[in-house]
Amino acid sequence: MAYVRGRVRASVDALEHLVGGLGTATLALGALLWAAIVAVTCLVGVGLLAAPGALRAVRWVSDRERARLSRWGEPIPTPGPVPAGLRTATRDPFVRRELGWVGLSSLIGLATGLVGLALPLSAVQYVTFPLWYRLIPADAGAPGIVWWRIDGLSEALAVGLLGVGSLAAAIWISPVLASLQAWPGRLLLPPPPGVDLSLRVAELTATRAAALDAHAVELRRIERSLHDGTQNRLVAVNVLLGAARRAMRRNPDRADEILGQAQDAAEQALGELRTVVRGILPPVLDDRGLAGALAGLAGSCVVPCRLEVDVAVRCAASVEATAYFVVAEALTNVVRHSGASQVDVAVRRERGRLLVCIEDDGHGDADETRGSGLTGIRRRVEAYDGRMALTSPPGGPTRMDVELPCGS
């Protein structure tokens, strides 16, 4: 039964893939026809002005397929805008591969999508046929089988059995059709050999720059905290101790009051210093691990927080500190800006990645450009070669998904 449930679940996922692939294949057909019309008109010079627009349309459709395939498997990077100038664009390897993809997808994507949808729909028709076969004339035949005369219940039940076979075929064939439908995109839409490496180098260069920027921002934050907080408290302690020494000779009772003020200032300085230290690398991570540290954050959150942590082994200290920072900053945003009544935090380790998900039921409309701390979260995550995705439509809910590579 577990095997059957697995096959059914795989076929349902495959059907979802086929529906999405059918949509992009239809768009690819439209882009192919438009590009063909423009190419023909270019022979007489009329289509030269429309050619850049046609290539941009092909790139737009290709990027939709890249995004679709990235959701279901290995991510495919996008190449960016089409190069300016028709001659430069036609020499671009991405453009050439995309033109090949719209041709293949228009044929294979449409065919596999239509067949993949027709199988389960026909199976439903056949299986339910014994329930409504009396509503149609006997000489009308079965659905899709007009030559089969249905004279009674026995023939209708035979059509139902045919529907069971069609359903079994759909369960077995749908994953194959989904893989075949995705084949042109997996073959032609990734970067050409050699270009992938250059894109990765550019990505790592940008990530390194982001890491340096994040490090500089963190140093400035620590410097401001020490200068504006702890240092001022210690200066106050020094002044109060000097005043107490002078008061010891003239007014001992006043000296005791000043020493009390100095002690309060020293305690405040220690508290601020602990806050700064926790911001660098929270000691609670060493003491209690990531699960215990996040439990402390969830327990102290003003908004009710449900926490689920499934991390069997420890990650690298820097990764755990980043995950702790992400959750802490996200919960702060929820309390200050979301108006939520509930927030869910889920952390799990999967395939060498630490996955963090924070979702609240607030009013949504979170925007990184409005200075809510989201930009800082993204920079810190990307500094560790991670990814962050934010979904926050007006009216909510707001969901943040963060992926961090698990070092050891």
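Residues numbered from 1 in each chain as written. Predicted model: local features only at pLDDT ≥ 70, side-chain atom pairs only at ≥ 80, totals over all residues. Heavy atoms only, no water.

### Some details on the UniProt feature "transmembrane region" (unreviewed entry) in the protein chain
Step number 1: In the numbering adopted here, UniProt assigns the feature "transmembrane region" (unreviewed entry) to residues 31-58, 99-119, 131-150 and 157-183.
Step number 2: Helix makes up 100% of residues 99-119 and strand 0%, and the two end C-alpha atoms of the span are 30 Å apart.
Step number 3: Annotation note: span residues 157-183, helix share 100%, strand share 0%, distance between end C-alpha atoms 39 Å. (UniProt positions renumbered as here; feature names shortened; annotations may be inferred. Helix = DSSP H or I, 4+ residues; strand = E, 2+ residues; numbered from the N terminus.)

### What to know about the pattern of salt bridges
Step number 1: Under the counting rule described, the total for this entry stands at twelve salt bridges.
Step number 2: A salt bridge links Arg 399 to Asp 401, with the shortest nitrogen-to-oxygen separation between them at 2.8 Å.
Step number 3: When its relative accessible area of 35% is taken as the criterion, Arg 399 is described as partly exposed. (Salt bridge = Lys/Arg side-chain N within 4 Å of Asp/Glu carboxyl O. Buried < 20%, exposed > 50% of the residue type's maximum accessible area, 1.4 Å probe, protein only.)

### As for the pairing of strand β4 (residues 387-391)
Step number 1: Two strands pair when backbone bridges link them, and β4 and strand β5 (residues 398-405) are joined in this way by five bridges, in the antiparallel orientation. The residue of β5 that forms the bridge with Arg 387 is Glu 403.
Step number 2: Linkage of β4 to β5, two consecutive antiparallel strands, is achieved through a turn of six residues, within which Gly 395 is found at a positive phi near 95°. (Pairing = 2+ DSSP bridges.)

### Things to note about helix α4 (residues 93-132)
Step number 1: With 40 residues, α4 extends 56 Å between its outermost C-alpha atoms, agreeing within 8% with the 58 Å of an ideal straight helix rising 1.5 Å per residue.
Step number 2: At Ser 105, α4 is bent by approximately 40°, the largest bend along its length.
Step number 3: Regarding α4, its N-cap is Asp 92, as a side-chain oxygen of that residue lies 3.1 Å from the backbone nitrogen of Phe 94 further along. (Expected span 1.5 Å × (residues − 1). Bend = angle between axes of the 7 residues up to and from the residue. Polar contact = N/O pair within 3.5 Å; in protein donor to acceptor, adjacent residues only side chain to side chain.)

### Quick look at the pairing of strand β3 (residues 353-360)
Step number 1: Of all eight residues in β3, seven are buried; the element is thus mostly enclosed.
Step number 2: Here eight bridges tie strand β2 (residues 343-350) to β3, and the two strands are oriented antiparallel to one another. Paired with Val 343 across the strands is Asp 360, a residue of β3.
Step number 3: The antiparallel pairing of β2 with β3 creates a hairpin that spans two residues between the two strands, and Arg 351 there sits at a positive phi of about 55°.
Step number 4: Sheet topology note: the β3/β5 ladder contains eight bridges and is antiparallel. Within the sheet, the bridge partner assigned to Leu 355 lies in β5 and is Glu 403.

### Considerations on the side chain of Gln 181
Step number 1: Looking at where Gln 181 falls in the secondary structure, it is placed in helix α5 (residues 153-188).
Step number 2: A distance of 3.2 Å separates a polar side-chain atom of Gln 181 from the backbone oxygen of Gly 109.
Step number 3: If sequence neighbours within four positions are ignored, Gln 181 has contacts with His 17, Leu 18, Gly 21, Leu 22, Arg 68, Gly 109, Thr 112 and Gly 113. (Contact = heavy atoms within 4.5 Å.)

### Some details on unusual backbone geometry
Residues apart from glycine generally show negative phi values, whereas peptide bonds are mostly found in trans.
Step number 1: Even without being glycine, Asp 365 reaches a positive phi, approximately 60°.
Step number 2: Tracing the backbone shows Asp 365 in the loop between β3 and α10 (374-383).

### Quick word on the packing of helix α2 (residues 51-72) against α4
Step number 1: The N-to-C vectors of α2 and α4 enclose an angle of 75°; their axes lie 10 Å apart at closest approach. Put simply, α2 runs roughly perpendicular to α4. Contact with α2, carried on its side by Leu 55, Val 58, Arg 59, Val 61, Ser 62, Glu 65 and Arg 66, involves Phe 94, Val 95, Glu 98, Leu 99, Trp 101 and Val 102 of α4 and no other residues of that element. (Axes fitted to C-alpha atoms, helices over the stretch in contact; angles between N-to-C directions. Parallel < 35°, antiparallel > 145°, perpendicular 65-115°, else oblique.)

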